[in-house]
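The primary structure of each chain is shown beneath.
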Amino acid sequence: MKAALQTDWRLREETPVYGKPMDVVDGIRRIVAPNPHSMTYHGTNTWLITHAAGTAVVDPGTDDPAHLDAICGVAGTISHVIVTHWHHDHFDGARTLALRANVPVFKFPSGPLRGDKDLLNGAEIAGMRVIHTPGHAEDHICLERPDGVLLSGDHVMGWSTTLVPPPPDGDLGDYIESLERVQALNARIFLPGHGPEILKPYSFIEQLLEKRYEKLHQIENILTHEVQEFSNICNRAYPKLNKKLRFAAEMMLETYLLELKKRGKAIQEPTGWKRAGY
Ligand SMILES: [Zn+2]
């Protein structure tokens, strides 16, 4: 296993060779899809899980012929195509791959894109247990192998914090609750939807939770009794932001503000937001 490069709290790695499978843990290989972006790091991780009835493919990534060829070239008999959530960088190749392998697409039954077969919380598939983890997406699932390996999708990633969009797709309260639930599993390794594996998931999640509460607190402190425009709050909450990430920051800020509103700490007005109470 190649060690991830750690700079600050984030786990980084060199650009992987696209199309080339990497052995990550026993019976699990990773192929990175060629869709690098400021939101996807080097690209989406496609996970190949070897089990008694063949190979389950988790998150086929984008509908990229070379990537799907690479998966088919090394997977052997594909037994299942599974997606962790409906977002296009995970789901788009699923339909094509499932047709090629003549198997259904398995997915949690909600979200704007549907699979062929439903995977509910607690279901068993390809030697793994399904854990519904809403927050980043309403239909998000993680998959737990009994030996302490967890496929964490976009719920927990090493290279970046997770974007939690505002409802209906995302929700900060759900996200935090889902984080605490996967932390309590005490897994030994997380295999995320983007970037390198996470070797100390318990303490890593501890840091993620701290960051969320810090940011929530910081945004609460930006609010005053005067109504402030959303864009002004955004400039103060995310100063020195790369322009390409402005839309993500705006989504995240709306999610935080809605959480503060739910907690009785913020009031939404037609022109912006203000602090609740005195
Ligand atoms: Zn996603």
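Once a new chain begins, its residue numbering starts again from 1 and follows that chain's sequence as written. Confidence filtering applies because this is a predicted model: local features only for residues at pLDDT of at least 70, side-chain atom pairs given and counted only at 80 or more, and all residues used for totals across whole chains, interfaces and linings. Hydrogens are left out, water is left out, and the side-chain values use all remaining heavy atoms of the structure.

(A) Quick look at the environment of R95. Its location among the elements puts R95 in helix α3 (residues 94-101). For each residue, the accessible area found with a 1.4 Å probe, counting protein chains only, is set against the maximum for its type, and the residue is called buried under 20%, exposed over 50%, and partly exposed in between. Accessibility expressed as a relative area gives 32% for R95, which makes it partly exposed. When the C-alpha atoms of R95 and N121 are compared, they prove to be 22 Å apart, with 26 residues separating the residues in sequence. We call two residues contacting when some pair of their heavy atoms lies within 4.5 Å. Beyond its immediate sequence surroundings of up to four residues, R95 is in contact with V105, R114, G115 and D116. Secondary structure elements follow DSSP: runs of H or I no shorter than four residues count as helices, runs of E no shorter than two count as strands, and numbering proceeds from the N terminus.

(B) Structural view of the side chain of H80. For H80, the location among the structural elements is in strand β7 (residues 78-82). Classification of H80 by relative accessible area gives buried; the value is 15%.

(C) Region of interest: the environment of K215. Mapping K215 onto the fold places it in helix α5 (residues 201-222). As for K215 and S231, which are separated by 16 residues in sequence, their C-alpha atoms are 17 Å apart. Other than its neighbours up to four places away in sequence, K215 contacts A237, Y238 and Y256.

(D) Quick look at the nonpolar core. The definition of a nonpolar core used throughout is a set of buried Ala, Val, Leu, Ile, Met, Phe, Trp, Tyr and Cys residues joined through side-chain atoms within 4.5 Å. Of all hydrophobic cores here, the largest spans 37 residues; its most connected members are V156, F190, Y238 and L253. Formed by 21 residues, the second largest nonpolar core is a distinct cluster that contains V24, I49, F106 and M128.

(E) Focus on the coordination of the zinc ion. For Na, K and Ca the donor cut-off is 3.2 Å, while for other metals it is 2.8 Å, and in both cases only N, O and S atoms qualify; water is not among them, so sites may look incomplete. Those protein atoms acting as donors to the zinc ion are H85 (NE2), H87 (ND1), H136 (NE2) and D154 (OD), and they sit at 2.2 to 2.3 Å. Donor residues for the zinc ion sit on one chain with the sequence pattern H-x1-H-x48-H-x17-D.

(F) Layout of the pairing of strand β11 (residues 128-132). Extensive coverage of β11 is indicated by the burial of 4 of its 5 residues. Across 2 bridges, strand β10 (residues 124-125) lies against β11 in antiparallel orientation. Each bridged residue has a counterpart across the sheet, and for E124 the counterpart in β11 is R129. By definition, two strands form a pair when at least two bridges between them are found by DSSP. In this sheet, strand β12 (residues 141-145) lies alongside β11 in antiparallel orientation, the contact comprising 4 bridges. The residue bridging H132 from the neighbouring strand is I141, located in β12.

(G) Highlighting the sheet that holds strand β14 (residues 189-192). Spatial ordering of the open sheet is given by β10-β11-β12-β13-β14, a layout of 5 strands whose pairing is mixed. Since the sheet does not close on itself, it has two edges, and those belong to β10 and β14, each with one partner.

(H) Structural context of the domain arrangement of the chain. All domain edges in this entry derive from an automatic or database-based domain assignment. On domain assignment, one finds that the chain holds domain 1 (5-205) and domain 2 (223-275). Of note, the centres of domain 1 and domain 2, computed from C-alpha atoms alone, are 30 Å apart. With 11 residues of domain 1 at the interface, the matching set in domain 2 holds 12 residues. Think of a salt bridge as a Lys or Arg side-chain nitrogen and an Asp or Glu carboxyl oxygen that are within 4 Å of each other. Taken together, the links from domain 1 to domain 2 amount to 1 salt bridge. K262 is the salt-bridge partner of D171, the closest N and O atoms lying 3.3 Å from each other. Residues are sorted three ways: Asp, Glu, Lys and Arg are charged, Ala, Val, Leu, Ile, Met, Phe, Trp, Tyr, Cys and Pro are nonpolar, and all the rest, Gly among them, are polar. Its residues placed into classes, the side of domain 1 that touches domain 2 shows 7 nonpolar, 3 polar and 1 charged.

(I) Quick peek at the sheet that holds strand β9 (residues 117-118). Taken together, 7 strands build an open sheet; the order of strands is β3-β4-β5-β6-β7-β8-β9 and the sheet is mixed. If you trace the sheet from one side to the other, it starts and ends with β3 (22-25) and β9, each paired once. Note that strand β4 (residues 28-32) and strand β5 (residues 45-51) share 5 bridges and pair antiparallel. Bridged to I31 within β5 is T46.

(J) Expanded view of the UniProt feature "domain: Metallo-beta-lactamase" (unreviewed entry) in the chain. UniProt positions are given in the numbering used here, feature names are shortened, and annotations may be inferred rather than shown by experiment. On the UniProt side, "domain: Metallo-beta-lactamase" (unreviewed entry) is annotated at positions that read residues 43-194 here. Taken end to end, residues 43-194 has its terminal C-alpha atoms 6 Å apart, with 23% of it in helix and 28% in strand.

(K) Spatial organisation of the packing of aromatic side chains. In this analysis, rings of Phe, Tyr and Trp, with Trp reduced to its six-membered ring, are considered paired at centre separations within 6.5 Å, and the interplanar angle assigns stacked below 30 degrees, edge-to-face beyond 60, and tilted for intermediate values. One pass over the full model with this rule turns up 2 aromatic pairs. Between W9 and F204, the ring centres sit 5.9 Å apart and the planes meet at 40°, which makes this aromatic pair tilted. Here F204 lies in helix α5 and W9 lies in the loop between β1 (5-6) and β2 (11-12), a separation of 195 residues in the sequence. With relative accessibility at 13%, the residue W9 sits in the buried group. Residue class for F204 comes out buried when judged on its relative accessible area of 5%. With a centroid separation of 4.9 Å and 10° between ring planes, the pair formed by Y41 and W159 is classed as stacked. Residue Y41 is located in the loop between β4 and β5, and its partner W159 is located in the loop between β13 (149-153) and α4 (172-183); the two are separated by 118 residues in the primary sequence. Neither Y41 nor W159 differs from the other in exposure class; each is buried. Above the ring of Y238, the side-chain terminus of K215 is found at 4.3 Å from the ring centroid. Throughout this description, the term charge over a ring refers to an Arg CZ or Lys NZ atom that lies within 6 Å of the ring centre and within 35 degrees of the ring normal.

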